[in-house]
Amino acid sequence: ELKAELAQAARGEPGVADAIRAAVARFNGQRGDSDSFRALDALIQRQHWRVAFFKVAADDINYRRFFNINDLAGLRMEEPELFEHAHRLVFDLLADGTLDGIRLDHVDGLLDPKGYFQRLREKAPRPFYLMVEKILARHEKLRDDWPVEGTSGYEFANLVGGLLVDPAGEEAFSRLYAEFTGQTRPFADIVIDCKIRIMEQEMASELNTLAREAGRVARSNPLTADFTKNILHQGLKAIVASFPVYRTYIDGSEPDAADRRDIDWAVAQARRMENAPDGSVFDFLHKLLTSDLVAAPRSGFSRQAVVRLAMRIQQYSGPVMAKGLEDTAFYRYNRLVSLNEVGGHPDHFGVSLSAFHFANGERARRWPHAMLGSSTHDTKRGEDTRARLHVLSEIPEEWERQVRAWSRILRARRGDVEGTAPPDRNDEYLLYQLMLGAWPAELTGIGTPDETALKAFADRMEGALIKSVREAKLHSTWAAPNAAYEEALTGFMRDALDVSRPNAFLDQFLPFQERVARLGVRNSLTQTVLKLTVPGVPDLYQGAELWDLSLVDPDNRRPVDYEARIRLLDAVDGGRADMAALLERWHDGAVKLAVVAAILAHRRDHAALYTVGGYEALTAEGERSDRICAFLRRHDDDALLVATARFPARGEAQPGWAGTALPLPEGSAGTRWRDLLTGRDLTPVDGRFAVDALFATLPAAALVPLRD
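How each quantity is defined
Residues numbered from 1 in each chain as written. Predicted model: local features only at pLDDT ≥ 70, side-chain atom pairs only at ≥ 80, totals over all residues. Heavy atoms only, no water. Helix = DSSP H or I, 4+ residues; strand = E, 2+ residues; numbered from the N terminus. Rg over C-alpha atoms; globule rule 2.2 N^0.38 Å. Buried < 20%, exposed > 50% of the residue type's maximum accessible area, 1.4 Å probe, protein only. Contact = heavy atoms within 4.5 Å. Areas by Shrake-Rupley, 256 points an atom, 1.4 Å probe, with all protein chains shown as cover. Lys, Arg positive; Asp, Glu negative; His and termini not counted. Charge placed at Lys NZ, Arg CZ, Asp CG, Glu CD. Patch = residues over 30% accessible without salt bridge, like charges linked within 9 Å, V, L, I, M, F, W, Y side chains within 5 Å. Salt bridge = Lys/Arg side-chain N within 4 Å of Asp/Glu carboxyl O. Pairing = 2+ DSSP bridges. Core = buried A, V, L, I, M, F, W, Y, C linked by side-chain atoms within 4.5 Å. Phe/Tyr/Trp six-rings, centres within 6.5 Å; stacked < 30°, edge-to-face > 60°. Axes fitted to C-alpha atoms, helices over the stretch in contact; angles between N-to-C directions. Parallel < 35°, antiparallel > 145°, perpendicular 65-115°, else oblique. Left-handed = near helix turned anticlockwise from the far one by under 90°. Nonpolar A, V, L, I, M, F, W, Y, C, P; charged D, E, K, R; others polar.

## Quick word on the overall build of the protein chain
The number of helices and strands found in the protein chain is 27 helices and 15 strands. For 708 residues, the compact-globule estimate of 2.2 N^0.38 gives 27 Å, and the C-alpha radius of gyration of the protein chain, at 29 Å, lies within 12% of that figure. By its C-alpha atoms, the protein chain is 90 × 70 × 65 Å across when sized along the principal axes. Expressed as a percentage of the 708 residues in the protein chain, the buried residues total 54%. In the protein chain, the share of contacts with a sequence separation of at least 24, taken over all contacts with a separation of at least 6, comes to 72%. For the protein chain, the computed accessible surface area is about 31,500 Å², with 52% contributed by carbon and sulfur atoms. The averaged location of the 104 negative side-chain charges in the protein chain is 3 Å from the averaged location of its 90 positive side-chain charges.

Shown next as structure tokens:
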């Protein structure tokens, strides 16, 4: 009847609007009269969808989502017809030269990533640059058989950041964190708990579906027919929670050794879990995940069903890891939050010089065109926020004195002498780090800022703090916000920034903040020079040409003032300005912009040196040699020698370099060199550069040979 009236409306017949309103009115129920909703309910039952309360999705949803977002459904790119349709525009843009390359995000959400990349290469109208967003575990390598140029660079952000973290401070840092917050659980245990929470709540429906499919596979063979859906559900949950990587890549061919290693590890860890199901279910699931169930002829199982299910479980383990690790555990474990980054490992305190050089050498050999990122839309803190916080690893005793003093002041100001009122100590400890790292450069060193400036900063902090506690899912969540706790936390922060009355906290905080910010500048310049010169393709995130002191999104997606950057670039003369003067007035970020401009200009004119040039680690000599990271890049007659300083707080405590020198490799010791950053000419003495000379102006030097 309704269809007929709608057809009349389509023909434009008179009086149709009134007829439609009357037809719809017949379906509208009356509040308090349940029988009046029967017509509407019957209509809904005939649809291919179901109206439901949004929280029901966690249990009942029957399609694959983008993580746990109900209105973003995953597309089956393995279907040829869908692939052709979805890529038509992209291929047209490649064909006409609009696009030269493609970046693929969330590739672990694909059923068969390698197969997808191969199809993309085969179907594309011409060769192109292909980059993938892939988060690698510490022991994991990008697959050699993937036809891509490399990753989007998350691993580099953590590599270069780790180089600036002083491992000598780990013990003191861990002790302070445990004593101040009461948090003593190992990070690995926190991750497992968070992944289990995600599987039991936000992504329970997907696990239910996988357990049901595993039950069908089990029942197809009398030897495994007694495995119930419930026991398979328990086993799958334990294994996925224990995965040391985002996912494996079983595709029906012989499993890769790396996949077997990671599946073996996950199953072994799952067996040891408290209240783990009977071990026989793990035997079955282990063979299912590796596809060994159908390795032998006449196994009694459907090969298609086994391989398909193994691949679907892989699709599930990736988002569980992402939501459990990045979006939950990273907000619960706050020992040093500059380490809590996408692709990062917060329990790994620092990267050695040898590990840094090894990673760069491997990239030069295997993935020379991989991207090098330091800030992205996904980073929890901006690159220069992290560079500041890395300084704390060098001064753990001073950091402890400051934290305890700040807490006493603020708790007493709120009448909480015992220190037991909200916010909890873990969130309080996070607050101090965020304030220290994100404090605006223009407010540094000017004394107490005015109320307007502090309010703008407090608004940014509030957004970051609320997101942090909701992601941690301990005191509040996105689905059920705890307004009382959130107000206690943000009120605590606003008390710290209140200048309407005498503020003892700011009196204590601001001098320490200025010191850390000044040392952080040196870390930032080291980080910038390394990103622009090691093997790979450097990626500058929007606005990060100047100081990127952002917090988690949406703070890191604020509009960028490009006009200001253009004016500043003109002022620094494309990197040829007086670096000493720029460093002295570092607050405007011009010194970072000048460094970027100088090296990019050299990259433009010496492309082969950066794209295919070799990488040779150099080792400094002297009692402070561990503070020097240096390497030489060569291609034909072209060369670049890079030396950077790390651990600036040590340099503050022990000025000078105490005779530390940088020997040059054979064949380059007699060459005169020019620093791209400062324009100074330097000549080695007895085949060595005095480090005092290299770092006379900046904490980094990028030297090119001068030809006679």
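## So, a nonpolar patch on the surface
A cluster of nonpolar side chains, contributed by Phe66, Ile69 and Leu72, occupies part of the molecular surface with about 220 Å² of accessible area. Looking at where Phe66 falls in the secondary structure, it is placed in strand E1 (residues 65–66).

## Some thoughts on the pattern of salt bridges
For the coordinates displayed, the defined rule picks out 61 salt bridges. A salt bridge links Glu140 to Lys134, with the shortest nitrogen-to-oxygen separation between them at 3.7 Å. Under the relative-accessibility criterion, Lys134 is labelled buried at 2%. Across the salt bridge formed by Asp416 and Arg411, the nearest N and O atoms sit 2.7 Å from each other.

## Re the sheet that holds strand E5 (residues 150–151)
The three strands lie next to each other as E3-E4-E5, forming an open sheet whose pairing is parallel. Strands with a single pairing partner mark the edges of an open sheet, and in this sheet they are strand E3 (101–104) and E5. Pairing analysis gives four bridges linking E3 to strand E4 (residues 129–132), with the strands arranged parallel. Bridge assignment links Ile102 to a residue of E4, and that residue is Leu130.

## Some words on the sheet that holds strand E15 (residues 700–706)
Spatially, six strands are ordered E8-E9-E10-E15-E12-E13 in an open sheet, and the strand pairing comes out antiparallel. What marks the edges here is a single partner per strand, and that holds for strand E8 (616–618) and strand E13 (681–682). As judged from the eight bridges shared by strand E9 (residues 628–635) and strand E10 (residues 638–645), these two strands associate in the antiparallel manner. When the sheet's bridge partners are listed, Ala630 is paired in E10 with Ala643.

## A word on the pairing of strand E12 (residues 672–675)
Burial of E12 is one-sided: the residues Trp673 and Asp675 facing one way are buried, the residues Arg672 and Arg674 facing the other way are not. Where E12 meets E13, two bridges bridge the pair, whose relative direction is antiparallel. When the sheet's bridge partners are listed, Arg674 is paired in E13 with Asp681. Between E12 and E13, which pair antiparallel one after the other, the connecting turn spans five residues, and Gly679 there sits at a positive phi close to 80 degrees.

## Here we look at the nonpolar core
In terms of nonpolar packing, the biggest core is built from 67 residues, with Trp399, Tyr432, Met435 and Trp439 touching the most fellow members. If sequence neighbours within four positions are ignored, Tyr432 has contacts with Phe180, Trp399, Val403, Trp406, Ser407, Leu410, Phe492 and Phe505. Formed by 46 residues, the second largest nonpolar core is a distinct cluster that contains Leu163, Leu568, Ala594 and Phe631.

## As for the packing of aromatic side chains
According to the stated counting rule, one finds 27 aromatic pairs in the structure shown. Arranged with centres 5.1 Å apart and planes meeting at 90 degrees, the rings of Trp146 and Tyr249 form a pair that is edge-to-face. With Trp146 in the loop between E4 and E5 and Tyr249 in the loop between helix H11 (229–242) and helix H12 (257–271), the pair connects residues that are 103 residues apart, well separated along the chain. Ring geometry for Phe173 versus Phe349: centroids 5.7 Å apart, planes at 50 degrees, classification tilted. Remark: Phe349 occurs in the loop between helix H14 (303–326) and helix H15 (353–366) and Phe173 occurs in helix H8 (residues 170–181); sequence separation between them is 176 residues. For the pair Phe173 and Phe349, a shared accessibility class is recorded, and that class is buried.

## Brief notes about the packing of helix H18 (residues 425–438) against helix H20 (residues 483–496)
For the pair H18 and H20, the least separation of the axes is 11 Å and the interaxial angle reads 40 degrees. One way to sum up the angle between H18 and H20 is to call them oblique. For the pair H18 and H20, the sense of crossing is right-handed. Between H18, through Asp427, Glu428, Leu431, Tyr432 and Met435, and H20, the contact on the second element is made entirely by Tyr485, Leu489, Phe492, Met493 and Ala496. For the contact of H18 with H20, the residue count by class is eight nonpolar, no polar and two charged.

None of the figures reported here should be taken as evidence of function without further support.
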